[in-house]
Structure formats: C-alpha cells, structure tokens
Amino acid sequence: MSARRRAGALLVLLGLAVLALTLPAAAQDAAKEPAYRAFPLLGSRLAVWAIAQLHLNFAAFILGVPIFAVIIEIIGWRTRDARYDWLSHEFVKLTFAAFSTTALLGALLLFLFAGYYPKFWTYMSSIFFPTYGIYAALFFAETFTVYLWYYGWDWLSGPRKGIHVALGVLSNLFGTAILLVANSWVTFMISPAGITESGALKGSVWAAINNYTWMPINIHRLIANIVFGGTIAAAYAAFRFLGATSDEERARYDWMGYIGNFVALSAFIVLPFAGYYLGREIYAFNQTMGITMMGGFMSWLWIIQAILIGVLFLGSNYYLWLGMERIPGSERYRRYVPMMIGILAFGFMVWATPRSMVITLDEARAMGGTHHPVLGFLGVMSAKNTAVNMMILTTFLSFVLYRRANRISTRSWAGAGMLIQWAALVAAAVVVIFYGVYGYFVESLVRIGFSVYQVMAVLGAIVVVMAIDIPMFRGARSTGAIRWGTIAPRSQYVLIILAVTFTWLMGLMGFARSGIRQHWHVYGVMVDKSVDAATPAIGYAANVITVVTIVFFALVMFIFWLGGLSDRGQAGAHGHAPAPLIAGGSDEQA
C-alpha cells in the first residue's frame, strides 16, 4: 500500500472519529430537525440496511481473520516452519486490503444514520455518547497496531519475532474490544436496559451496555466472525488455486484452503450452541419477542436457515472426503463415508421440515389439519435439536478421520484409546436421541431444557475424543506424505459455495435479529414512525440480502484481484516462497 493510500485511510478514520464526536452535539442544537428524511429512490431503510450489511460483512472479515492469522503465526514461530509464517502473512494481507473498505462503509453508515434518522441518532447518542470516544480510540489503536504488524513482518523477525507476535495479539484484543462496544448499541435496540420509563439513561451507561442480549451476541458474533473469516480466506485460496499455473502454487493454495476451511469448520461446530444461548436470552427478556422470532411470521425463516446450514454441513464434509483422496492410507476410512452421508442427509431433511404446511383448505381437510400426520412430528424443536446435534457429531467424526488418515498410532494403548473414543461418540449419540424422543412426552418448558443435555453430551464427546486423539497420534507412523495440490478442482468450488452460503446466512440472521423489534427503533422505548415502520416480508428481505451478497462478493473479488497483483512475477507472496508442499512435503495435519 502506498503512502498516499495509507494517508487516505487514516484521514477516513480521523473523519469518522470527529464525526462521531461532533454530530450528537449538532443534532441536539437542531430543535426543529425532522425525525426522518427520505433517501432518494431506494428509501432510507433500504439504504441503511444495505450499507449496514456490507459494513458488517467486511467488519466480520477483518475481525475474524486476524484471530486465526496470529494463531498460525505463533505455530510457525514455535515450530520454526516458514510455511506457517507465509500463510499468516497471506491472511493478514487479505485483511489489510479490506480494512479501508470497512472504514469507508462505516463512515457512510454514520452519515446515513445522522442524516436520515436524526431523532433516533440523537436518542442513541444521549445514551451511548461516552462510548463513542472509546470506540474511536480503539479504532485508532487497532489501525496503528495492524500497520505495525503488517509492515514490520520482516523487520521484527528472527530474535524479535516475539514482539511481532505480541503486536498480532494486541491488534486482536483491540478488534474484539471494538466488537464489544458496537454490540452494545445493537443489543440495546433489542433489549434496552439501564433506562427510566421515559427512556432516559438511569445511572451509569454500563447498565445500558450490559443488557440481556449483549453477552450472547458478543459470543455468537465472535464465533461467527471466525467462521466467516475462515470461509472467505478459503475462498480466496480456491480462487488462487484455480488460477495457478504451477504444481507448487497449487500445492500452496490447496494447503491454505484446507487451513481456512479447518478454522471455519472448527468454529462452525460450536456456533449453533452460541445460537441457543442467544435465543434463550431473547426469550428471557421478552417471551413475545421470542415467540415472534420462532413461532410467528418469522417461523418460515428458520426453514430457510436450516437449508443454508444443511448446505454448510454437507459442503464441509464433502470437502473433507475429497481431501482424503490426496492422502495415502485414507482408503481404510472411506467405508464410513456412506454412513455419514446417510446421517447428514436424514438430519438435513428433518431440520428442513416445517411444523405447519402452506396448503389449501381442501388439503388441510384431507390431512385433518395444518400439521401433516407423520411429518408434523419432525417439525418441532425436539426433532430439530436432535438432527443438528447428530449432524455436528458426524461432521466432527469426518474431521477426526481426515486428521488421522495418513497416520498410524504407535502407542501401546492405541486400541484402548480408540475404544474409548468410539464409546464417547456412541454415548453422546444415545443421549441426543434419548432426549430428542423423550421431549415428545413432556411439556414445552421441560423440553427446552433437554437441549442443554444434548449440547453438553456433544461437547463432552468432542473434548474426550480430542484429548485422547492428540497424544495418541503424536509421533505416529506415516503412511505417506499428503499430495497437496492434487485435490479435485471441484473441491475449490465447494469452498467458494461455503463462503457465499455463510455470507447469505449472516444477512438472513441479521434480518431476524432486527426484525423481531418489528415497529420499534428501540424495543418498547422508541417507536418507528417512518414510512418504513412495518417489518418487511421474508421474500423481500431475501431479495435484499441476495443483492447485498452479490455486491459484497463483487467487492471481495476485486480485493482478491488486487491481492494477487503484488504476487505476479514473484516466487512467493511474502518476499520468499515457503517450502514446497507437493508430494514429499509435510505429513502433518493442522
């Protein structure tokens, strides 16, 4: 990045900070300012919606990718493996390219809020004004830290590598703090706290920050950002793999795609549990809001969500199964694939089965009601919780088999260890199925609590299996080196599909989170009296999310293209090429 571009990015950030600190005062002085203004052609809500979604997509990327970039750098630092250092630098380079775009979209979003929803902006500023300065300071701190981290990569190498790693950790701490501050504004709109009946701040601003949904969304968004960053990084690697002209380049980006997908899959396995926590807190704050989300007009939105998450599960597993073809010795595990396909497919069908059907009056009479006499049993949460937990267990099993595909344990206790692992997986499956079936015979309040037992059983099995697997395969005998770069090209399209699907899913869940407020700017406190006060239909929302996703990936493709310009004519992306990863390279999995 040139000095001119760096200066431009800093000016944008400076303008953003100054605007955040001055607009509230200007808004307070405008006594006759209208409550709403109309954005030309699109309308104010659509303009804010589109820019906010684009901004959140880029923000999720630049917050998620550095988390695993610094972890990878630490691995390379401790193992002295230059490949990991190169990979970490590649990931940070992607983040850097998206950084200015995120800041520009954030500034534009601020203009839209202040200009087209001035009364709303004034009210939110009356509550959260002290956090604006903190947010601006954190943004500056993260910006300068990321600059030092990126441009000091070679300078802070060798004996000073520890300082460089510390900068990466510090940039992640600043980024996470930015996320926490911004989430306080969003969650206050859903579950306001710390205010009087008239809506004025009561006491400290901390009470408004620490509302019912603040911590659940912090956890959910942090995990989702890691998944999102991993899928986008893997899609970038797929993009470079498909355009590679040499075996070494294909091997390099095949490995990069695997690491990105591995990170995304690892976080994605626990993401549904964070979603349960968020949903529980929404119900705890306001049952009407929870019923609107799960059983009201938004209920069909969760069928769409189920289809998208099913695609993510199936796609992730398919990528792992294709990856086994480049691993010598993986043949002994391929017999498990048909069984896993069956579990995933059946779980997908259960999860996507609606409780009530959109049918005609004659069809309802023929069925004896709106619920199908057989399929209706699969439309309730007992069935769906059971299905998703079994899909998570199956996906975890796919990863474990992939991880040990070219390794044979030399431990004397390996047989007993594997027996315990299988017992843990079977026990978890039994617990999940038992409580799924038992849920049909108890009242709803008790049934909701069963999901906790199912979650704990799955997480417990994952911990037990990995606690045994890591030492059991340390120093294992290799059946052959992984042939990086020889994976089928269709696997790279799977990585791209996963990135697009998760991006679309993030937009859908953002609509669900905002839509449950219905005609409120701040639920129960500040009514939306604009012409766009009604919550849009799911079909309309899906169209908007689709267009925004297309625009986002058009910008991402441009960034990918820019990221590849500096590599043309060079042997490596970071001034030096990492060690070859083609046949005969590393045997180790991440």
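What you see is a predicted model, and the numbers here were worked out from it, not measured in a lab. (Residues numbered from 1 in each chain as written. Predicted model: local features only at pLDDT ≥ 70, side-chain atom pairs only at ≥ 80, totals over all residues. Heavy atoms only, no water.)

Summed over the entire model, instances satisfying the criterion amount to ten salt bridges. Across the pair R404 and D469 runs a salt bridge whose closest N-O atoms are separated by 2.3 Å. On the criterion of sequence distance, the pair formed by R404 in the loop between α13 (381-403) and β1 (407-408) and D469 in helix α15 (residues 444-472) is long-range, its members being 65 residues apart. Accessibility assignment for this pair places R404 and D469 in one class, buried. Through salt bridges with shared partners, a single ionic network connects E73, D85 and K161. (Salt bridge = Lys/Arg side-chain N within 4 Å of Asp/Glu carboxyl O. Helix = DSSP H or I, 4+ residues; strand = E, 2+ residues; numbered from the N terminus. Buried < 20%, exposed > 50% of the residue type's maximum accessible area, 1.4 Å probe, protein only.)

Overall, the coordinates contain 41 aromatic pairs when judged by the stated rule. An aromatic cluster is defined as three or more aromatic residues linked by ring pairs; in this entry it consists of F99, W121, F129, Y132, Y135, F139 and W185. Over the ring of W77 we find R78, and its NZ or CZ is 5.2 Å from the ring centre. (Phe/Tyr/Trp six-rings, centres within 6.5 Å; stacked < 30°, edge-to-face > 60°. Lys NZ or Arg CZ within 6 Å of the ring centre and 35° of its normal.)

Our next topic: the environment of I232. Relative to the helices and strands, I232 is located in helix α7 (residues 214-242). On the basis of relative accessible area, I232 is assigned to the buried category, the value being 1%. Separated by 25 residues in the primary sequence, I232 and G257 place their C-alpha atoms 9.6 Å from one another. Not counting the four nearest positions on each side in its chain, I232 is found in contact with F61, A499, T503, F552, F553 and F560. (Contact = heavy atoms within 4.5 Å.)

On the surface, F377, I433, F434, V437, Y438, Y440 and F441 cluster together into a nonpolar patch covering about 750 Å² of accessible area. The partly exposed category is assigned to V437, whose relative accessible area is 47%. (Patch = residues over 30% accessible without salt bridge, like charges linked within 9 Å, V, L, I, M, F, W, Y side chains within 5 Å. Areas by Shrake-Rupley, 256 points an atom, 1.4 Å probe, with all protein chains shown as cover.)

Below, the discussion takes up the packing of α7 against helix α16 (residues 490-515). At their nearest, the axes of α7 and α16 sit 8 Å apart, and the two run at 150° to each other. Between α7 and α16, the angle falls in the class roughly antiparallel. For the crossing formed where α7 meets α16, the hand is left-handed. (Axes fitted to C-alpha atoms, helices over the stretch in contact; angles between N-to-C directions. Parallel < 35°, antiparallel > 145°, perpendicular 65-115°, else oblique. Left-handed = near helix turned anticlockwise from the far one by under 90°.)

Of note, the phi angle at R80 is positive, near 55°, even though the residue is not glycine. For Q518, which is not glycine, the phi dihedral falls at a positive 55°. With relative accessibility at 32%, the residue Q518 sits in the partly exposed group.

Now for the environment of R477. Tracing the backbone shows R477 in strand β2 (residues 477-478). When the C-alpha positions of R477 and S409 are compared, they lie 6.3 Å apart, and in sequence the two are 68 residues distant. With near-sequence residues (within four places) excluded, R477 lies in contact with N406, R407, I408 and T410.

Before going further, it helps to examine α7. The α-helix winds at 3.6 residues per turn, so residues separated by three or four positions along the chain end up facing the same way. With 29 residues, α7 extends 41 Å between its outermost C-alpha atoms, agreeing within 8% with the 42 Å of an ideal straight helix rising 1.5 Å per residue. Burial analysis of α7 places 23 of its 29 residues in the buried class, the great majority of the element. (Expected span 1.5 Å × (residues − 1).)

Structurally, T395 is set in helix α13. By relative accessible area, which is 0% here, T395 ends up buried. Once residues lying within four places of it in the same chain are set aside, the contact partners of T395 are L265, I269, F313, N317 and L344.

Before going further, it helps to spend a moment on the packing of helix α5 (residues 161-190) against α7. Running from amino to carboxyl end, α5 crosses α7 at an angle of 130°, the nearest separation of the two axes being 9 Å. By the angle between their axes, α5 is oblique relative to α7. Between α5 and α7 the crossing geometry is right-handed. Each of T176, L179, L180, N183, S184, V186, T187 and I190 in α5 lies in contact with α7, whose residues at this interface are W214, I217, N218, R221, L222 and N225. Split by residue class, the contact of α5 with α7 holds seven nonpolar, six polar and one charged. (Nonpolar A, V, L, I, M, F, W, Y, C, P; charged D, E, K, R; others polar.)

Here we take up the confidence of the model for the protein. Overall, the prediction assigns the protein a mean pLDDT of 84, with 87% of residues at 70 or greater. Here helix α1 (residues 3-29) stands out as the least confident element of the protein, with mean pLDDT 47; helix α14 (residues 414-438) is the most confident, with 94. Contacts from residues 1-8, a stretch scored under 50 in pLDDT, to residues over four places away or in other chains number seven contacts. Confidence over residues 571-577 falls short of pLDDT 50; this stretch has 18 contacts with residues more than four positions distant or in other chains. (pLDDT = per-residue confidence, 0-100.)

A word on the nonpolar core. Judged by nonpolar contacts, the single largest core of 163 residues is most densely connected at F91, M124, F128, F188 and F502. Looking at this core, the element that brings in the most residues is helix α8 (residues 247-285), giving 17 residues. Counting contributing residues per domain, this core is built from domain 1 (8-321 + 495-585) and domain 2 (327-481), each supplying no fewer than three. If sequence neighbours within four positions are ignored, F128 has contacts with S184, W185, F188, V205, A208 and I209. In terms of nonpolar packing, the next biggest core, distinct from the first, is built from five residues, I468, M472, F473 and A476 among them. (Core = buried A, V, L, I, M, F, W, Y, C linked by side-chain atoms within 4.5 Å. Domains from an automatic or database assignment.)

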